Each structure stands twice: as structure tokens, then as C-alpha cells.
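Chains, contacts and geometry: an overview
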Amino acid sequence: MHPDTFDPTAGGPPPEQRPDDGSRRTFIKQASGILGLAVAPPFISQAEKLAAYTGKVEGATEMKLKVNGSIRTLRLEPRVTLLDALRENLNLTGSKKGCDQGQCGACTVLVDGRRVNSCLTLAITTQGKEITTIEGLAKGEELHPMQAAFLKHDGFQCGYCTPGQICSAVACVQEGHTKNDAEIREWMSGNLCRCGAYPNIVAAIKEVAGKGDGKS
Amino acid sequence: MNNFAFQTAASAKQATGAFRDDKQAAYLAGGTTLLDLMKLNVLQPSQLVDINSLPYRGITETPDGLRIGAMERMSDVGENALVMQQYPAISESLLLAASPQLRNMASIGGNLLQRTRCGYFRDTAFPCNKRQPGSGCPAINGENRNHAILGTSDQCIATYPGDLAVALIALDAVLHLESAKGKARRVPLLDFYLTPGNTPQRETTLEPGELITAVTVPAAEHARKSKYLKVRDRASYAFALVSAAVGLDVQGGTIRSARVALGSVGTKPWRAQAAEQLLVGKAATEANFRAAAALALQGARPHKHNAFKVELAQNTLVRALQDVAG
């Protein structure tokens, strides 16, 4: 993972600012950070991005997206949504296309740490930003705490809404909107589950929030 | 979705310049309404001009009150401490709107320009005077449960669906605009929205290419004691059936100033100034609130499926007034 990548496990300070506990996890993070640096080209600055894109673009154009810590270069038309770019061009099919109208939340991803509907986001506008999808939450074989909690509490049935639910839930905990069940439900209302797994989803979020930074 | 040209505007000059060359261009901020309607082919701009880099930012206290940059996001304004404490109706209207994801995306300027949610407007298989002037209005004799009961015409009965504009119009907000020629002007929100009349395609007094740069709201006791109450079919993440934004300054049991606006009942965010005038100088009692609510709905013209809104709007208004009178 690139060292400046948004850390979805956070609640506290970013990993490099945490006291060094010398754990295996910290070591892997540092090691993969160094590796990430070696692979990824220097990321374009905001100014360079503006300079590159103040001209009018017509038809397919080259764009660089930073997804789950690595830079991906794509050639896409401006009308391609972030959701379609992830699914069709980057083969990251975890994010789901439910309604494609911003009404169901199945496409929820994190952009610069904030949850958004990727179906209503144009890929071209996410250049220079950190995109985190469901595929970017686990650390290798180790599940993100929210993924583990969804498994433990059976927070899904068919699973179609689950990647969006989990991305949204990670942000919900980070935002601190987990005071009680009612607050969790209100702040998870942008993610619909037609199987009705809501009570178990709330239980999973409550557990992660409780373990985190005392915001629960 | 049709294809379109795209550019990121580094300055207001570049953004408005794009409009001079291309009358079919559209500005892109959060995109939550625009992309939705483009996917439905309701809107088909030839070009999108991304204005997210423009410096219309900041949520600040000024000597006159509150100033919100047009590019601020709904979530940031809704959870801003100053807005929550001094202008609670504005914060509540934002946090009861849409979903957390959409609030993270949508800008304040774009929110104020969101289009109607009339199902016929959104469906190109149907005629719609707003979408295609002169083609007819299937809502008048069709499904009209969600439609307007105030400010309608025989051309259009679509209701303005937003929340924020209702709170802002109650609290005398002013829009700051910049024209395509770089000229700045200010428009009270009360004069910004238009009823459909014979030109339902025109919803605001915004000129082609004009940009919203900021919204200001005067500080007032009735702003500090304000509330936004939203009534929906679902508990959350739904448009209002009716909503009320109210503010009261009550001293020793007597109302010194009142602000009253209604949402999802009018063809535009509906300020009820006659109701406000009735309340001033009166005691803050349920009887007076009921009289004001009756006056606010006096001109209501319901259609087949939305007659319930007349009573629901009055009850919502009374409850909101009781809550702020405390």
C-alpha cells in the first residue's frame, strides 16, 4: 500500500504516526509501502492535473486513477463513470451496479476517504484523488475489521449490496456516526438491502465502532 | 448517456468562457442531479465544465451573518458548528436530505439548482411541458400524489423537491452570482425561483452561463431559533411529502418576528409571508399557530392524489412552530 494512501482501518492517526509496536502488521505495512513506492510513478500534483486538463477533452483520453494505492492508466471517454471504469476497465467488480441512479448505494466507494456513489461520479474527475474500493480494504489475507464483523454477524444474505454496505460502514465509523442503533441506521440509509439484513449490519457496525476509538 | 466534451475550469473566466462558445454546455459540481438526468436522456449537454476547482469555498461568520461558498458540500455545511448553532434549520435541512454519500458529493450551489422529481419529467416516453415546452402535462390527470398544491399552472404541477432552499428562503438568504461577462450580482432567494406559469421550462432567474458563487444568510434571533421538519413516507433517504422551515423570536410569550416556509407543496420553495405577518405581535399559542397554518395553505389547489397534503402541511407547520416556541 502506498504510504500516503487513506487508511480505512483508522479511527486514530495514520499508521506512520502510530507508536511503533513492532508488530507483524506494522512491518507488512512498512514493507508494502516501500514496495508501493518502487512500483508507482510519482503521483501527479493538483497543479499538474489542472495544467493537464484545462484543455477541452473530446472523445477517449488518457487518465490516471489511483485505486487502492496503485496508479492505473486508462484511456476512457469523459462520460465513463467511476463505477464503470472500476468494473469494466480495471476488473474490480466488487463495487456493484444496482440502480445506477444514486438510489441504492451498492456502488459506494471511498474517494479521499469520503464515501460517494461511484455511479454518479465521472472517472475523469477523480484524477489526483485516492480511490478505495472493497478490494482495497483487506491487508493481504487479513480481512478489514468491518469485513470480519459482517461475516461474524451474518450482515448479508445474497451479498449484492455488501461491498457498498461495507465501504459505507467503514466511513460511517470514521465519521463517528455510531452513537446508537438509530444513528447508525440513519447514517447507513444510503445503502439499501433488499434481503433485509439491516439488524445484522447494525450489529456489525456497532461492534467495529465499539472496538475503535470510543466513538460508539 | 450521450457523449460530451469535458474541461476542468481553472478560473471563473474559463468556466463562463466555455458557455460563450457553446450554449449547450453545463457546469459540473457534485453531478448528483446532472449525471442522473443525463443517463435518462432528460438532459443532453454537449459539454461539461468541471467547476470543482473554483475557489468558492468557506463557511464563515461575517458581520452580517453567515456566508457559505457555493462549492462547499452538503455534508460539510450540515455538520458545521456555526451553522448547527446559529442556523439550525439550515443544518437540519441538509442532514435530512438525500444520503450520506450524496451529501458528500453535492455542492450547495448545485443543490439549489436541483430539478423537479416529477416522474413524467424524468421519463422521456411521456410529454412534459418542462422538458419539452408545449408537449403537455400528463401529471395533471395522472399520478400526482407527490405534486404541488401551491403555485401550479395548467402547464405544470411539479413540486420543488429540495430541502435546503426551503430553510434558506425562510431565513432571507441571498444568492451571490457571477455572470458570463464577469459581472457580480446579488439576488434574494425569494426572487430567484419562478412559478411555472406559461414557461415551466424556466425554474429560476439564473442567466445562461451564470455561476452561483456564495449564499449569505443574515444573523437573527429567528434564525437561531429555527427548525426544519420533514415528513416522509420512509424514515430516511426519501423526498419530503411536506416539510416546514420555521423561525421564531419569542419574548415574554409574544412573537416578535416569525419566518415560515413550506417544502414539497409548492412549485417553488414556498415562503408564507402572510402567515408570518399574522403571527407577529401575537402570543405563541397553538391556536395562533393553527390560524397561521390555515392562512399559509389558503390558496391550495390539490389534485386527485395529493389532497392529503393540505392538512399534512398545516399539521407539520403547527408542530414545527410549537417546537421552536418551546
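Below you will find a few notes about this structure. (Residues numbered from 1 in each chain as written. Chains lettered and ligands numbered in written order. Predicted model: local features only at pLDDT ≥ 70, side-chain atom pairs only at ≥ 80, totals over all residues. Heavy atoms only, no water.)

A short note on the overall build of chain A
- A count of helices and strands for chain A gives 7 helices and 5 strands.
- Tracing chain A from N to C terminus, the helices and strands come up as α-α-β-β-α-β-β-β-α-α-α-α.
- A buried classification covers 48% of the 216 residues belonging to chain A.
- Sequence-distant contacts, at least 24 apart, represent 58% of the contacts inside chain A between residues at least 6 apart.
- Counting every atom, chain A has about 10,000 Å² of accessible surface; 53% of that belongs to carbon and sulfur. (Helix = DSSP H or I, 4+ residues; strand = E, 2+ residues; numbered from the N terminus. Buried < 20%, exposed > 50% of the residue type's maximum accessible area, 1.4 Å probe, protein only. Contact = heavy atoms within 4.5 Å. Areas by Shrake-Rupley, 256 points an atom, 1.4 Å probe, with all protein chains shown as cover.)

Considering helix H7 (residues 198-211) of chain A
All names here are of chain A.
- With 14 residues, H7 should cover 20 Å at 1.5 Å per step; its first-to-last C-alpha distance of 20 Å lies within 8% of that length.
- Turning to H7, its buried residues number three or more, namely Ile201, Val202, Ala204, Ile205, Glu207, Val208 and Ala209.
- Buried residues belonging to H7 abut helix H4 (145-152), helix H5 (162-175) and helix H6 (181-187). (Expected span 1.5 Å × (residues − 1).)

Points about the pattern of salt bridges
All names here are of chain A.
- Counted under the stated rule, the structure contains 24 salt bridges over all chains.
- For Glu183, the salt bridge goes to Lys179, with nearest N and O atoms at 3.8 Å.
- Its relative accessible area of 58% is what places Lys179 among the exposed residues. (Salt bridge = Lys/Arg side-chain N within 4 Å of Asp/Glu carboxyl O.)

What to know about the environment of A:Phe150
All names here are of chain A.
- Within the secondary structure layout, Phe150 lies in helix H4.
- When the C-alpha positions of Phe150 and Ile201 are compared, they lie 6.6 Å apart, and in sequence the two are 51 residues distant.
- For Phe150, the contacting residues outside a window of four places in its chain are Gly155, Phe156, Thr162, Gln165, Ile166, Ala169, Ile201 and Ala204.

Looking at the nonpolar core
- Among the nonpolar cores identified, the biggest contains 54 residues, and B:Ile51, B:Leu66, B:Ile90, B:Leu112 and B:Leu168 are the most heavily contacted of them.
- Counting residues per element, this core draws most heavily on helix H9 (residues 164-170) of chain B, which supplies 7 residues.
- Lining this core are residues from two domains, each supplying at least three of them: domain 1 (5-52) and domain 2 (221-325) of chain B.
- For B:Leu112, the contacting residues outside a window of four places in its chain are B:Tyr160, B:Leu164, B:Ala165, B:Leu168, B:Leu175, B:Tyr193 and B:Val215.
- Counting residues in each nonpolar core, the second largest holds 34 residues, with A:Leu76, A:Cys107, B:Met38 and B:Tyr237 among its members. (Core = buried A, V, L, I, M, F, W, Y, C linked by side-chain atoms within 4.5 Å. Domains from an automatic or database assignment.)

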